[in-house]
Every structure is written in C-alpha cells, then in structure tokens.
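Structural overview for review
These are the residues of each chain, in order.
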Amino acid sequence: MSMVSIIARRELGSYFATPLAYVFVLIFLVLGGVFTFYIGGFYERGQADLVPFFSFHPWLYLFLVPAIAMRLWSEERKSGTIELLLTLPLTKMDAVLGKFLAAWLFTGLALALSFPLWITVNVLGSPDNGVILASYLGSWLMAGSFLAIGSCMSALSRNQVIAFITTVVVCFLFTLSGFPLVLDALGGWAPQLLIDAIASMSFLTHFTAISKGVIGLRDVLFFVSLTVVWLAATAVVIELKQAD
Amino acid sequence: MIEVSHLSRRFGSFVAVDDLSFTVRPGEVLGFLGPNGAGKSTTMKMIAGFIAPSAGSVRIFGRDVQQQTQDARRLIGYLPEGAPSYEDMRVMEFLRFIGKVRSLRGADLDARLDSVVERMDLGGVLQQRIETLSKGFKRRVGLAQAILHDPQVLILDEPTDGLDPNQKHQVRELIRGLSDEKIVVVSTHILEEVHAVCNRAIIVAHGRVVADGTPAELESRSPTHRAVHLHLAEAYAGAVAAIAALAGVREVRADADGKRLLVLPHPEASPLAALARLVHDRGWVADELHVERGKLDEVFRNITREAA
Ligand SMILES: Nc1ncnc2c1ncn2[C@@H]1O[C@H](COP(=O)(O)OP(=O)(O)OP(=O)(O)O)[C@@H](O)[C@H]1O
Ligand SMILES: [Mg+2]
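Residues numbered from 1 in each chain as written. Chains lettered and ligands numbered in written order. Predicted model: local features only at pLDDT ≥ 70, side-chain atom pairs only at ≥ 80, totals over all residues. Heavy atoms only, no water.

Quick notes on the overall build of chain A
Per the secondary structure count, chain A includes 14 helices and zero strands. In sequence order, chain A lays out its α and β elements as α-α-α-α-α-α-α-α-α-α-α-α-α-α. Computed over the C-alpha atoms, the radius of gyration of chain A is 19 Å, within 12% of the 18 Å expected from 2.2 N^0.38 for a compact globule of 244 residues. Judged by the C-alpha coordinates and their principal axes, chain A covers about 55 × 50 × 30 Å. Taking all 244 residues of chain A together, 53% fall into the buried category. Summarising the internal contacts of chain A: among those between residues at least 6 apart in sequence, 77% fall at separations of at least 24. (Helix = DSSP H or I, 4+ residues; strand = E, 2+ residues; numbered from the N terminus. Rg over C-alpha atoms; globule rule 2.2 N^0.38 Å. Buried < 20%, exposed > 50% of the residue type's maximum accessible area, 1.4 Å probe, protein only. Contact = heavy atoms within 4.5 Å.)

As structure tokens, then:
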C-alpha cells in the first residue's frame, strides 16, 4: 500500500467519523433535486435527459466543494497535526495527493448517490446514457479542479472560514469567466485573443462541452492539468508556510 | 548520533535559534532546558525535519535532515510540543495509521502495537475517540506514536507535561529503559526530571547554549553545592560563631530561632567532617545533618539570568 493510499484512507475515515459526510451528501442530493425539478423544470421540458441536473453543478459545487476543501490543510495547521504528519517518513506530495484523493473520492460518492435520477429518466423515457455517463465524468473532473483550488487556499490559512471564502472567490472567477454575460461585456473592447483565453479557462465552457456527450481530450486535459497545477501549488505553499 | 552544527533559525528579524552546535551520541539522554521562548521547540522542530533551518545543518547518524529527509525521519520518533494527534480518530485506529506510515505490517505491526499499548497503559481507551481523552492520556497517545517503530532517536518536547505522578514516573522509566544504543533528547521544565532520566543537560537561552554538562556538573555550579544543612535540637549559644570559624566555611546562615543552620563552604572545600566533629565535641544534639548537592533550578536561574 502506498503512502498516498494510507493517507487517503485515514482522511476518508475522518469524513465519516463526524456528521460532515452525511450532511454534505444530503445537501448535495437535496439541492441537486431542487435544481433539477423546480428550477430546471425536469418534467415540464418533456425530454428524457439529465441536462437540468448537470447544468447546475458548477453553481452547486461553488459552495459545496469549498466546504469540503476548507478543512484539508487549515485544520491540520490549527490543531498542530501538520507537525506530526510532515515529520513522518512521507513526502509533501504524498500528503497533498492523499488528502485530495480522499476528498475527490468523497465527492464522487456524493455524485454517484444521485443514481435514482438516472433510473428515473430511464424509466420515463429512453435517454442517451452515453451522454449521461459523460456528464457524470465531466462533473467529477470539474469537482476535482474545484477541490484542488480549495486545497491550495486551505494550505494558505489556518482559518477555515478564510479558506472557504477565498476558495469560493477563486472558483467563482474560474466559473464565471465563460459566462456569456462576462464575455459579452468584454466583447466590446478586449482583443479576441484575450476573450478566447479567458473563455478557455472557464469551467462552464469545458463542462458544457463534456456534458454534451463528447468527451474531448481538450476538455478532459483542461480539468486534469488545472487540478495538477493547483495541487503542485498546494505543495509549494505548504513548503513555504511550514513554520507558521 | 545527532550532529547539530551552526544551526540558526530566524522568524523575520527575530533570531529564535542562534548558531547552535552540539553532538549527541548513542546512550545519551539529553535534557534540553531553557526558559520559555529560549528556542527549544524550534530546535527540536529542525531536528525532526519539520521546519528548515535558516543556516546550519542537522545530521542523524550521518543523514542530513534537509538532504536525506526520508532516511533521517525513519530513524526518529518525535513527540511535538502539545502532543497533537488526529482527535476524531480512535486511539487504536490512530496508532495503526502511524504504524502503516512507518511501514510496519501484519504481525510486526500487531506486536509493536501491543507493546506500546502496554507500555503507555492505553489498554482501557483503545476504542475511545482521542478528543474525549484527558490531557494526560492524549500525551500518552502522543508518546505511544513516537515510540511505535522503536526508533533509534527519540525527540520528546515536554513529554511529561500534564501527566499524573504515576505516569510521570512511568515515562521516566520508559526513557531509562531504552537500550544503550538509543539517543533521547527531551525538553522539560521539571528539573527533577533531569536528575531522574538524563545523563547530560544543555541549557539554552536566547537560542544559544549557555551550559552543557552532566546534571552533577551543572549542580556543582550552584552556590549551595556541598553546603551542609544542620538542624540542632536547640539554639546553642556561640554555635554560629564556632562553626563560622571552622576551616573551609565561607558563611553560616541561621534561621530566626537559631536552630536551622546552612553552612556554605569555600569553593572546593568540604566542611562536613569538621562540622560533625564539632557537633560531637560540644555535645550538641543534632536532628538533621546533610550535604546539599546543589540545586539545579538555582543554577538554571543564575545562568539564564546572566545570559539575559
Ligand atoms: N512561527 C513563528 N513565528 C514567529 N516567531 C516564532 C515562531 N515560532 C517560534 N517563534 C519564536 O521563537 C522563540 C522560540 O520559541 P520556542 O517555541 O522554540 O521556545 P521554547 O524554548 O520551546 O519555549 P517554551 O519553553 O515556552 O516551550 C519564541 O520567542 C517564539 O515566539
Ligand atoms: Mg517549547
């Protein structure tokens, strides 16, 4: 068993040692349902797909994922366990990856628990299950990127509230940058290159692309590389702020 | 062997550890003493590889803590100040986690777990969440975690803080019971502890070493070293003057009632024999007569005040 998986197991265990895990899953499913049925008009649309469910995911994650990520490192710092963890024979990257993996698997679990919706659309009609599967995958990848950002913000502060807020802000920027409102506002004066660059950094753009059922390499690579970069940044931040 | 050479650590412009050098050899139990804020914990954090030095280096059996970090860490068991642990875990679960990270597996791990649970007397709380334990038990869990892999080098930052007298005794026994090839560095504010377990003591102040020697050597620097306590049954007339006239006596201090006397010797002199003879010749009745070894806390106060 590698160090990463030992760390990840411990972390996952601690999610379920407190009500945190159950509360998170419950809120995720309830909000997902509310968005799908009331705001998304699941029945009214009369279409057998999960577009109303997935299209709200970026907004759902914007508040729920930072709640998971904020404790990743802030708590270790606050309680002093970071001193224990980082004097054990493992590398910082082991610890960063282990913690991230646990959080990512956990959001994956929450996502998977929305399966009754999938069953419902399959009972009501004949949806394109390939598209739905791609949407699930895209949503999970996007959650990973949100988490990686949160991991880095959490490493920056011993205060979980600050970690939460900064994560929301940074994630908001990444989400918003593909919003038509923003791009239209820029459209008047900014050079096309800049607009494209900003749009290409957007979670929305890439997630929408994947959830149309086309798992494009570009979009997958976007989320994966964004995650890798933010995790590497986490390790650097920990190295720099170790003594505090 | 721990080789600390020219170790310094600054926090901004504040120098917490200032060009510290010392070597600890196998078999040595080093008491690391100093006033609050002297830089003890900061030094221990650097030895354990938690924070990087601003200058200088630490080697653990030849492995540089900054360069061969993992190799060095494997040799060390570390109890950080305050004994932090994952409070939402159960004791057994936590120790098992540490064991796995320490690459202990299967029967090996079980045997080590049994051994530390017995040594730290944790049998009754194995399934309890750490957050619900008393302060002393938390400390014991921290100690158990540090000795789990039977390390060559033990770095313990205030290990007996918050323990009851029985447990203090047990921890001292534990440290004394470690084999001769081990190295222990233990910081403490309890100076009797130094007597009880350490065969060497270093006093630091303002991040610098101000004294280094065996506990007995340090005690001999006390003004009351080899002083004699004499408790007479009554206040005999002329007793103080007669004692003060003895060879080797520098000063005699008497209590208000004149029965309790403290006889301070000149350096290197030992007035006990002459004093005993005098008491005998005069036919005084003495309730108590004993030689002071010197007080470590006096030495501690003198040395660290000088350094201020
Ligand atoms: N992260 C930090 N940032 C700024 N100053 C620090 C930091 N860590 C320690 N210091 C300072 O360094 C000095 C030494 O601290 P250290 O914790 O090593 O003292 P100590 O000898 O362990 O004291 P005590 O007996 O109270 O435990 C203190 O003045 C402390 O305020
Ligand atoms: Mg300290």
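There's more to say after this.
Comments concerning unusual backbone geometry
Excluding glycine, most residues fall at negative phi; most peptide bonds, likewise, are trans. Residues and elements named next belong to chain B. With a phi angle near 45°, Ala83 is a residue other than glycine that sits in the positive phi range. In this fold, Ala83 is placed in the loop between strand E6 (76-79) and helix H3 (91-101). Judged by its relative accessible area of 5%, Ala83 is buried. Of note in this structure, Glu158 is not a glycine but carries a positive phi near 50°. By secondary structure assignment, the location of Glu158 is in the loop between strand E7 (153-157) and helix H6 (165-177). Residue Glu158 is classed as buried on the basis of its relative accessible area, which comes to 16%.

As for the sheet that holds strand E3 (residues 29-33) of chain B
Residues and elements named next belong to chain B. Ordered by their spatial adjacency, six strands build an open sheet running E6-E7-E8-E3-E9-E10, and the pairing between neighbours is mixed. Strands at the two margins of the open sheet, each flanked by one partner only, are E6 and strand E10 (208-213). Averaged over all neighbouring strand pairs, the angle between strand axes comes to 15°, with direction disregarded. Note: E3 against strand E8 (residues 183-187), four bridges, orientation parallel. Pairing of Gly31 across the sheet is with Val186, part of E8. (Pairing = 2+ DSSP bridges. Axes fitted to C-alpha atoms, helices over the stretch in contact; angles between N-to-C directions.)

Thoughts on the packing of aromatic side chains
Throughout the structure, instances matching the rule amount to 19 aromatic pairs over all chains. Between the aromatic rings of Tyr61(A) and Phe146(A), the centroid separation amounts to 6.0 Å while the plane-to-plane angle is 65°, which identifies the pairing as edge-to-face. Within this pair, whereas Tyr61(A) is found in helix H4 (residues 57-69), its partner Phe146(A) is found in helix H9 (residues 129-156), the two being separated by 85 residues in sequence. The same class applies to Tyr61(A) and to Phe146(A), which are both buried. Geometrically, the ring pair formed by Tyr86(B) and Phe94(B) is edge-to-face, given 6.4 Å between the ring centres and 65° between the ring planes. Across the pair, exposure class does not vary: Tyr86(B) and Phe94(B) are buried alike. The rings of Tyr15(A), Phe16(A), Tyr22(A), Phe24(A), Phe28(A), Tyr61(A), Phe106(A) and Phe146(A) are connected pair by pair, giving a single aromatic cluster. One Lys or Arg, Lys99(A), reaches over the ring of Trp73(A) and ends 5.0 Å from the middle of that ring. When the ring centre of Phe137(B) is taken as origin, the NZ or CZ atom of Arg140(B), which lies over that ring, is 3.9 Å away. (Phe/Tyr/Trp six-rings, centres within 6.5 Å; stacked < 30°, edge-to-face > 60°. Lys NZ or Arg CZ within 6 Å of the ring centre and 35° of its normal.)

Structural notes on the coordination of the magnesium ion (ligand 2)
Residue and element names in this part refer to chain B. Those donors, Ser41 (OG) and Glu81 (OE), are the protein atoms that reach the magnesium ion (ligand 2), and they lie 1.9 to 2.3 Å from it. Of this pair, Ser41 sits in helix H1 (residues 40-48) while Glu81 is found in the loop between E6 and H3, placing the two residues 40 residues apart along the sequence. With relative accessibility at 41%, the residue Glu81 sits in the partly exposed group. (Donors = N, O, S within 2.8 Å, 3.2 Å for Na, K, Ca; no water.)

Considerations on the nonpolar core
Of all hydrophobic cores here, the largest spans 147 residues; its most connected members are Ile2(B), Ile60(B) and Leu122(B). At twelve residues, the largest contribution of residues to this core is made by H9(A). Contact partners of Ile2(B), with chain neighbours within four places excluded, come to Phe22(B), Thr23(B), Val24(B), Ile47(B), Val58(B), Arg59(B), Ile60(B), Val153(B), Ile155(B), Ile183(B) and Val185(B). (Core = buried A, V, L, I, M, F, W, Y, C linked by side-chain atoms within 4.5 Å.)

Quick word on H4(A)
Residue and element names in this part refer to chain A. Taking 1.5 Å per residue, 13 residues should reach 18 Å; H4 reaches 17 Å between its end C-alpha atoms and fits that length. Of all the 13 residues making up H4, ten are buried; the element is thus mostly covered by neighbouring parts of the structure. Taken together, the buried positions of H4 are His57, Pro58, Leu60, Tyr61, Leu62, Leu64, Val65, Pro66, Ile68 and Ala69. (Expected span 1.5 Å × (residues − 1).)

Describing the interface of chain B and chain A
The accessible area lost on association of the parts is a frequent measure of interface size. With 27 residues of chain B at the contact, the number on the chain A side is 24 residues. The contact between chain B and chain A buries some 2400 Å² in all, and 65% of this surface belongs to carbon and sulfur atoms. In terms of surface lost to chain A, no three residues of chain B exceed Phe50(B), Tyr86(B) and Val101(B), which account for 30% of the buried area on that side. Counting across the interface, chain B meets chain A through one salt bridge. In this structure, the salt-bridge partner of Lys45(B) is Glu83(A), at a minimum N-O distance of 3.5 Å. Our enumeration of links across chain B and chain A arrives at seven residue pairs in polar contact (both at pLDDT 80 or more). The set of elements that each furnish at least two residues to the side of chain B that touches chain A consists of strand E1 (2-11), H1, helix H2 (69-74) and H3 of chain B. Ranked by residue count, the leading element in the side of chain B that touches chain A is H3(B), at five residues. Of the residues contributing to the side of chain B that touches chain A, the split by class is 13 nonpolar, five polar and nine charged. (Buried area = accessible area lost by both parts, 1.4 Å probe. Salt bridge = Lys/Arg side-chain N within 4 Å of Asp/Glu carboxyl O. Polar contact = N/O pair within 3.5 Å; in protein donor to acceptor, adjacent residues only side chain to side chain. Nonpolar A, V, L, I, M, F, W, Y, C, P; charged D, E, K, R; others polar.)

Topic: the site of ligand 1
Taken together, 15 residues are adjacent to ligand 1, and Lys40(B), Ser41(B), Thr42(B), Glu81(B) and His189(B) come closest. Mapping the residues adjacent to ligand 1 onto the chains of the assembly identifies chains A and B. Within the side chain of Ser41(B), one N or O atom sits 2.7 Å away from an oxygen atom of ligand 1. In this structure, an oxygen atom belonging to ligand 1 sits 2.6 Å away from a side-chain N or O atom of Thr42(B). Surface burial for ligand 1 is 67%, taken as the share of its 630 Å² of free accessible area covered by protein chains. Only strand E2 (14-24) and H1 of chain B provide two or more residues apiece to the shell around ligand 1. Ranked by residues supplied to the shell around ligand 1, first place goes to H1(B) with three residues. When grouped by side-chain class, the residues that make up the shell around ligand 1 number six nonpolar, six polar and three charged. (Near = heavy atom within 4 Å. Areas by Shrake-Rupley, 256 points an atom, 1.4 Å probe, with all protein chains shown as cover.)

Quick look at the pattern of salt bridges
All chains considered together, the criterion is met by 17 salt bridges over all chains. We note a salt bridge from Asp110(B) to Arg96(B), for which the minimum N-O separation is 2.9 Å. A residue pair is termed long-range when its members are at least 10 positions apart, and Asp110(B) in helix H4 (residues 106-119) and Arg96(B) in helix H3 qualify at 14 residues. Under the relative-accessibility criterion, Asp110(B) is labelled partly exposed at 33%. Residues joined by salt bridges that share partners form a network here, namely Arg10(A), Glu11(A), Glu76(A) and Lys99(A).

Quick word on the domain arrangement of chain B
Domain boundaries assigned for chain B yield domain 1 (2-219) and domain 2 (228-292). With centres defined by C-alpha atoms, the gap from domain 1 of chain B to domain 2 of chain B works out at 44 Å. (Domains from an automatic or database assignment.)

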